[in-house]
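Observations on the model geometry
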Amino acid sequence: MRITATQFKEAIDLLEKFRTDYQFNKEDEGYLGFLNVGPDLLDESDRSAWFLILENPGVFMPIIHKLGLETEEGLNFEETVFILI
């Protein structure tokens, strides 16, 4: 499957949204140090970008790492847990 420039940008924007989530902000009272992501936890507008990320881990895992994130057990459709590197 070929990824369009628009799809790629939407996926990157979503990953950046994950990285800047309040659950990674130590100053926020909702800080957890991790972020759970799955289709049921995303709004409809983010789901297509999330599915694109899941279908293309070879493209997006290096970007996830560059953003300072890691996953506990890889990218998983049901639920992916992001942690800070």
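Read on for an overview of the structure. (Residues numbered from 1 in each chain as written. Predicted model: local features only at pLDDT ≥ 70, side-chain atom pairs only at ≥ 80, totals over all residues. Heavy atoms only, no water.)

Structural notes on the packing of aromatic side chains
Tallied over the full model, the rule gives five aromatic pairs. With a centroid separation of 5.4 Å and an interplanar angle of 40°, the aromatic rings of Phe18 and Phe82 are classed as tilted. Within this pair, whereas Phe18 is found in helix H1 (residues 5–19), its partner Phe82 is found in strand E3 (residues 80–84), the two being separated by 64 residues in sequence. Phe18 sits in the buried class, given a relative accessible area of 5%. Under the relative-accessibility criterion, Phe82 is labelled buried at 0%. Each ring, one from Trp50 and one from Phe82, has its centre 6.1 Å from the other, and the planes form 65°; the classification is edge-to-face. You can see Trp50 sitting in helix H2 (residues 44–55) and its partner Phe82 sitting in strand E3, a full 32 residues away along the chain. Both residues of the pair, Trp50 and Phe82, count as buried. Following the ring pairs from residue to residue traces out a cluster consisting of Phe18, Trp50 and Phe82. (Phe/Tyr/Trp six-rings, centres within 6.5 Å; stacked < 30°, edge-to-face > 60°. Helix = DSSP H or I, 4+ residues; strand = E, 2+ residues; numbered from the N terminus. Buried < 20%, exposed > 50% of the residue type's maximum accessible area, 1.4 Å probe, protein only.)

Some words on the sheet that holds strand E2 (residues 69–71)
Strand order in this open sheet of three strands is E1-E3-E2, and the pairing throughout is antiparallel. In this open sheet, the two strands that pair with only one neighbour each are strand E1 (34–37) and E2. Direction aside, the axes of adjacent strands within the sheet are offset by 30° on average. Pairing geometry for E1 and E3, over four bridges, is antiparallel. Across the sheet, the residue bridging to Val37 is Thr80, located in E3. (Pairing = 2+ DSSP bridges. Axes fitted to C-alpha atoms, helices over the stretch in contact; angles between N-to-C directions.)

Thoughts on the side chain of Asp46
Following the sequence through the fold, Asp46 ends up in helix H2. Ignoring sequence-local partners within four residues, the contact set of Asp46 consists of Leu14 and Lys17. (Contact = heavy atoms within 4.5 Å.)

Structural notes on the pattern of salt bridges
A side chain of one charge can pair with a side chain of the opposite charge when the charged atoms of the two come close. Here the structure, examined in full by the defined rule, presents two salt bridges. When the shortest N-O distance is used, the salt bridge between Asp13 and Lys9 registers 2.8 Å. Taken as a pair, Asp13 and Lys9 lie in helix H1 at a separation of four residues, close to a single helical turn. Asp13 gets classed as partly exposed once you look at its relative accessible area, which sits at 36%. With a shortest N-O distance of 2.6 Å, Lys17 and Asp46 are connected by a salt bridge. In this pair, Lys17 is assigned in helix H1 and Asp46 in helix H2, connecting sequence segments 29 residues apart. For Lys17, a relative accessible area of 43% gives the class partly exposed. According to the relative accessible area criterion, Asp46 is buried, its value standing at 13%. (Salt bridge = Lys/Arg side-chain N within 4 Å of Asp/Glu carboxyl O.)

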